Amino acid sequence: MSEIAIHLDNLSHRFGSQVLFQNLSLQIEANKITVILGRSGSGKSTLLQIINGLIVPDEGVVQLFGQPLDYGNIHQARLNIGYAVQQVGLFPHLRVIDNIMLPGKLAGWSSERKEKRAAELMELVSLPSSHANKFPYQLSGGEQQRVGLCRAILLNPPLMLLDEPFSSLDPDTKAEIHQEVLKLQRMEPRCIVMVTHDPEEAQKLGDVLLKFENGELTTTA
Amino acid sequence: MRILSIIFFLLLTFTSFGQVIKVGAKHFNESYILGEMLSQLLEDEGYEVERKFNLGGTVVCFEALRTGGIDLYPEYTGSLAEEILKSETRLSLPELNTQLQKELNLEISSSFGFNNTYALAGTPETFAQLQLTKISDLRQYRDLSMALSYEFLKRKDGWENLKQAYNLQLDPVGIEHGLAYQAISNGKIQITDAYSTDGEIEKYGLTLLEDDLGFFPEYYAVAVFQANLPVQVKRIVSKLANQIDEDEMQTMNSEMLYGGKTFDEVARSFLQRKNLASGSKSRASQGMLKQIATKSIEHLSITGIALGLAVLVAVPLGILLFVFSSVSRPVLYVVGLLQTIPSIALLALMIPILGIGKIPAVTALFLYALLPILRNTTTGLTSVDPVLRKVATGMGMTVFQQLRYVGIPLAMPAILAGIRTAAVITIGTATLAAFIGAGGLGEFIVTGLALNNTSLILQGAIPAALLAIVVEFVFEWVEKISIPKHLRS
């Protein structure tokens, strides 16, 4: 087994009275796409948010690249984790280019560095450069999702979390963007953890496929 | 608190410095004329006089006098005894003077001569029809249309006690005194309260009901001032002793209200007729447009300072309330409570603390402007899409970064809308600030109301309305240049 990016050790978490999982342990490899397939409401989204510290588990430890997640300095840790969600969450008051470059601002990158990297990424995911100065609402759903991806990986994080990012796209757009993701992964491999309820998508993208059911994870491929 | 008291002390010393005598007057015509007479007498002897003639009633004038906002003002013995000393018994003039000195370190001058007591007035036709000649005749009626001035409704020697003394069953409504006569001559109301020297009694040919139980105390006009007023000034004030009788006062009031004369002219010609003043000096009076411009600028500056301060306090406070949301509710309740205090009452409440003039007015307006800005800031931040907040947090933003890059920019339309609302409220409310001597366009309105002079009211009301509209436009423009089109509401 290659390098371990994420190590979840004995996680237990409940949401109100509902037990989402009990004593869950999992290791996720670096530089691979791991897809967690599960029904909506199964808690797979919660699992992702536990990894980037948006949710603190009731019990258990999260380790990223051998280091336990430092909740006291969580902002810094998150700069190393790309995060994209289904609703994309582009900031409506910022132009496309500024949305993409925002993490660079947080990390204190120089303007040149931000601009160069943003232009590079836009090209990589086939976003025309004329979109740079548009506002998010002027873009199609697929284009917005591409912008979201660029933003998530601007800082070239070793880890990216994708929370059903493509489920609201039409099949053609979805197919296109799947190609972009695979291309990105070839160009700059990283540990991608994606949750989805779409088995076809899971098959297509996943190097490792996990099924999440009744709080249990089972390997299927 | 310590800083406040230092500022207050500085203001006090600053305002009482120099040989400027500050003459006040209540906002009705007779008080203007008497205040103007006192001012002219003083100016004739070389004093510089600052006129503060729009003070909103006995309590405002009195608090202004007590806190040094004014040095003297014309008052009536009955008002002093009942309203200020809360005396249970009728006091003679010397008794009144002794008590004022002892309890408040204030003095009064000799009487100017006339007794301007309260009376109930109506048209002779109405009174004949209802067979009314004296107040006790009112006992048989339950639903006459009676409108009384707000001050009379509240006074100790006003309606409530009159009603008890005469055992009356009537249920009056409140009306601004300046409007009552018009209402009575239009037949809109049947009875109102009047002062026995009101010019309108003559002008509208009204009849007064006889006070057959002798309920109303005497209201001799006097000047009231602090005991430490320079002797020289007291001597000048005493020149008016026993110079004016009821008829002369009624005529002067009528000249001013219906003869087209200003109170400046009325006072001057009277003093000349009585050989009390040379009348050589005349106050330079500005043209109307220039006056409107001056008052508009004054109005804008009061409003602008109050609004600016409110923005400086309410926006950061709104942000803090969003971050520490557990305290947000109680704070918003308290600020909301401030908003429910009627503006004129809030202005009056400022006087004991801050005296009269621009400072209490700005303070009151500031308090009024807080809520819309505060609430919109907090609401604007709270209503940011939770997905955006999740993404911002997930991206690694600190609370401060989230506010800076996401929350505040997205709440900006709401914040601006709050400031805009506050600006319009403040411009409107600032017209009332004239009641506590803050100046501005309200001075025209308040004077116009007191003098029943519609064109004077419009002279203040139209520019104030225009200002509000202009401010709306300015904010619209600011919104246009600062907020992308798709984010505007």
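Positions within a chain are numbered from 1, following the residues in the order the chain's sequence is written. Each chain gets a letter, beginning with A, and each ligand a number, beginning with 1, in the order they are written. With pLDDT at 70 or above as the cut-off, local features in this predicted model cover only qualifying residues; side-chain atom pairs require 80 or more to be listed or tallied, and sums for whole chains, interfaces and linings still use all residues. Calculated side-chain values reflect all of the structure's heavy atoms, with hydrogen atoms and water omitted.

(A) Spotlight on the overall build of chain B. Here a strand is any run of E in DSSP of at least two residues, a helix any run of H or I of at least four, and the numbering for each starts at the N terminus. The number of helices and strands found in chain B is 21 helices and ten strands. Summarising its shape, the C-alpha atoms of chain B cover approximately 85 × 55 × 45 Å along the three principal directions. Per-residue accessibility, obtained with a 1.4 Å probe over protein chains only, is compared with the maximum for each type, and a residue is labelled buried under 20%, exposed over 50%, and partly exposed between these values. Looking at chain B as a whole, 53% of its 489 residues qualify as buried. Any pair of residues with heavy atoms lying within 4.5 Å of one another is described as a contacting pair. Of all intrachain contacts in chain B linking residues separated by at least 6 positions in sequence, the fraction that spans at least 24 positions is 76%. Accessible surface, chain B as shown: approximately 22,000 Å² in total, 60% of it carbon and sulfur. His residues and chain termini do not enter the charge count, which takes Lys and Arg as positive and Asp and Glu as negative. Charged side chains are reduced to one point each, which is NZ for Lys, CZ for Arg, CG for Asp and CD for Glu. Averaging the locations of the 39 positively and 45 negatively charged side chains of chain B gives two centres separated by 11 Å. Every accessible area reported is derived by Shrake-Rupley at a probe size of 1.4 Å, with residue values counting cover from the shown protein chains alone.

(B) The arrangement of the packing of aromatic side chains in detail. Think of it this way: a Phe, Tyr or Trp ring, Trp meaning its six-membered ring, pairs with another when their centres are within 6.5 Å, and the plane angle makes it stacked under 30 degrees, edge-to-face over 60, tilted otherwise. One pass over the full model with this rule turns up 14 aromatic pairs over all chains. Grouped by ring-pair contacts, the aromatic residues Phe28(B), Tyr76(B), Tyr118(B), Phe152(B), Tyr195(B), Phe215(B), Phe216(B) and Tyr219(B) constitute a single cluster.

(C) Layout of the interface of chain B and chain A. Between chain B and chain A, the residue contacts involve 19 residues of the former and 23 residues of the latter. Summed over both partners, buried area is the accessible surface (1.4 Å probe) that two parts give up on being assembled. Carbon and sulfur atoms supply 75% of the area that chain B and chain A bury against each other, a total of about 2,000 Å² over both sides. By definition, a salt bridge exists where a carboxyl oxygen of Asp or Glu is found within 4 Å of a side-chain nitrogen of Lys or Arg. Inspection of the chain B/chain A interface yields zero salt bridges. Under this definition, polar contacts are N or O atom pairs within 3.5 Å; protein pairs additionally need one hydrogen-donor-capable and one acceptor-capable atom, and for neighbouring residues in sequence, both atoms have to be side-chain atoms. Connecting chain B to chain A are four residue pairs in polar contact (both at pLDDT 80 or more). Those elements that place two or more of their residues in the side of chain B that touches chain A are helix 18 (386–395) and helix 19 (399–430) of chain B. Ranked by residue count, the leading element in the side of chain B that touches chain A is helix 18 of chain B, at eight residues. Partitioned by chemical class, the residues of the side of chain B that touches chain A number twelve nonpolar, six polar and one charged. Residue classes follow a fixed rule: Ala, Val, Leu, Ile, Met, Phe, Trp, Tyr, Cys and Pro count as nonpolar, while Asp, Glu, Lys and Arg count as charged, and any other residue, Gly among them, counts as polar.

(D) Summary view of helix 5 (residues 141–153) of chain A. Each helix should span, by expectation, one fewer than its residue count multiplied by 1.5 Å. Over its 13 residues, helix 5 of chain A runs 19 Å from end to end, which matches the ideal 18 Å to within 8%, given 1.5 Å per residue. Helix 5 of chain A sits mainly inside the fold: ten of its 13 residues count as buried. Along helix 5 of chain A, the residues that are buried comprise Gly142(A), Gln145(A), Arg146(A), Val147(A), Gly148(A), Leu149(A), Cys150(A), Arg151(A), Ala152(A) and Ile153(A). At its buried positions, helix 5 of chain A is contacted by strand 6 (81–85), helix 3 (96–107), helix 4 (111–124), strand 7 (159–163) and helix 6 (171–187) of chain A together with helix 18 of chain B.

(E) Region of the structure containing the sheet that holds strand 5 (residues 118–122) of chain B. Residue and element names in this part refer to chain B. As summarised here, the arrangement of the five strands in space is 7-6-8-5-9, forming an open sheet in which the pairing is mixed. Two strands in the sheet have a free side with no partner beyond their single neighbour: strand 7 (173–175) and strand 9 (207–208). Every axis corresponds to a line fitted to the C-alpha atoms, with the helix fit spanning only the stretch in contact, and the corresponding angles, defined between N-to-C directions, vary from 0 to 180 degrees. Contacting strand 5, strand 6 (146–149), strand 7 and strand 8 (191–195), helix 9 (residues 177–185) crosses the sheet at an angle of about 130 degrees to strand 8. Two strands qualify as a pair provided DSSP detects at least 2 bridges between them.

(F) Quick look at the packing of helix 20 (residues 442–451) of chain B against helix 21 (residues 454–482) of chain B. All names here are of chain B. Put simply, helix 20 and helix 21 touch, their axes get as near as 7 Å, and they point 160 degrees apart. It follows that helix 20 is roughly antiparallel to helix 21 by the angle criterion. By crossing handedness, the relation of helix 20 to helix 21 is classed as left-handed. Contact with helix 20, carried on its side by Phe444, Ile445, Thr447, Gly448, Leu449 and Leu451, involves Leu456, Ile457, Gln459, Gly460 and Ala461 of helix 21 and no other residues of that element. Its residues assigned to classes, the contact of helix 20 with helix 21 shows seven nonpolar, four polar and no charged. By definition in this entry, angles of less than 35 degrees are roughly parallel, angles greater than 145 are roughly antiparallel, angles of 65 to 115 are roughly perpendicular, and the rest are oblique. For any pair of crossing helices, the crossing counts as left-handed if the nearer helix is rotated counterclockwise from the farther one by less than a right angle, and right-handed if it is rotated clockwise.

(G) Layout of the side chain of Glu200(B). Inspection of the secondary structure puts Glu200(B) in helix 10 (residues 199–203). Buried and without a salt bridge, Glu200(B) has Lys203(B) as its closest oppositely charged side chain, separated by 8.9 Å.

(H) Representation of the sheet that holds strand 2 (residues 18–29) of chain A. All names here are of chain A. A sheet is described by the order of its strands in space; here four strands give the open sequence 2-1-4-5, paired in antiparallel fashion. The sheet terminates laterally at strand 2 and strand 5 (67–68), the two strands that pair on one side only. Here helix 1 (residues 44–51) sits on the sheet in contact with strand 1 (4–15), strand 2 and strand 4 (59–64), set at roughly 125 degrees to strand 1.

(I) Just the pattern of salt bridges, in detail. Under the defined criterion, the tally for this structure stands at 26 salt bridges over all chains. Arg190(A) serves as the salt-bridge partner of Glu188(A), at 2.9 Å between the closest nitrogen and oxygen. For Glu298(B), the salt bridge goes to Lys358(B), with nearest N and O atoms at 3.0 Å. Taken together, the residues Glu298(B) in helix 14 (residues 288–323) and Lys358(B) in helix 17 (residues 358–382) connect sequence positions 60 residues apart. Glu298(B) sits in the buried class, given a relative accessible area of 18%. You can call Lys358(B) partly exposed: its relative accessible area is 37%. Several salt bridges converge on common partners, so that one network encompasses Arg117(A), Glu120(A), Glu188(A) and Arg190(A).

(J) Geometry of helix 21 of chain B. Taking 1.5 Å of rise per residue, 29 residues should cover 42 Å, and helix 21 of chain B covers 41 Å from first to last C-alpha, within 8% of that figure. On its buried face, helix 21 of chain B is in contact with helix 14, helix 19 and helix 20 of chain B.

(K) Representation of the packing of helix 14 of chain B against helix 21 of chain B within the structure. All names here are of chain B. Where helix 14 contacts helix 21, the two axes come as close as 11 Å, and the packing angle between them is 50 degrees. Comparing their axes, helix 21 and helix 14 come out oblique. The handedness of the crossing between helix 14 and helix 21 comes out as right-handed. Mapping the contact onto sequence places Met288, Gln291, Ile292, Ser296, His299, Leu300 and Leu307 in helix 14 and Gln459, Pro463, Leu467 and Phe475 in helix 21. Looking at the contact of helix 14 with helix 21, its residues break down into seven nonpolar, four polar and no charged.

(L) How the structure looks around the nonpolar core. With 132 residues, the main nonpolar core has Met37(B) and Leu138(B) as its most contacted residues. Element by element, the count of residues in this core is highest for helix 17 of chain B, at 13 residues. Sequence-distant contacts of Leu138(B), that is, excluding residues within four places in its chain, are made with Leu120(B), Leu132(B), Leu144(B), Met146(B), Leu168(B), Leu170(B), Ile191(B) and Leu209(B). Residues belong to a common nonpolar core when they are buried Ala, Val, Leu, Ile, Met, Phe, Trp, Tyr or Cys residues joined through side-chain atoms within 4.5 Å. If you look at the next biggest cluster of nonpolar residues, it comprises 84 residues, including Ile6(A), Ile36(A), Val181(A) and Val406(B).

(M) The state of the cysteines, seen in detail. Working definition: a disulfide is two cysteine sulfur atoms within 2.5 Å of each other. Considering all chains together, one arrives at zero disulfides over all chains under this definition. The structure places no disulfide on Cys191(A), whose sulfur is separated from the nearest cysteine sulfur, that of Cys150(A), by 19 Å.

(N) Representation of the pairing of strand 8 (residues 191–196) of chain A in the model. All names here are of chain A. For strand 8, a buried count of six out of six residues is recorded, marking the element as mostly surrounded by other parts of the structure. Judged by which residues are buried, strand 8 turns out to be covered on both faces: Cys191, Val193 and Val195 on one side and Ile192, Met194 and Thr196 on the other are all buried. Bridge analysis of strand 3 (residues 33–37) against strand 8 gives five bridges, and the strand direction is parallel. If you follow Ile33 over to strand 8, its bridge partner there is Ile192. Alignment of strand 7 against strand 8, held across five bridges, turns out to be parallel. Paired with Leu159 across the two strands is Cys191, which belongs to strand 8. Classification remark: right-handed applies to a crossover when, strands pointing away from the viewer, the course from the first strand over the helix to the second runs clockwise. At this point the chain moves from strand 7, through helix 6, to the parallel strand 8, and the crossover so formed is right-handed.

Structural measurements only, silent on function.
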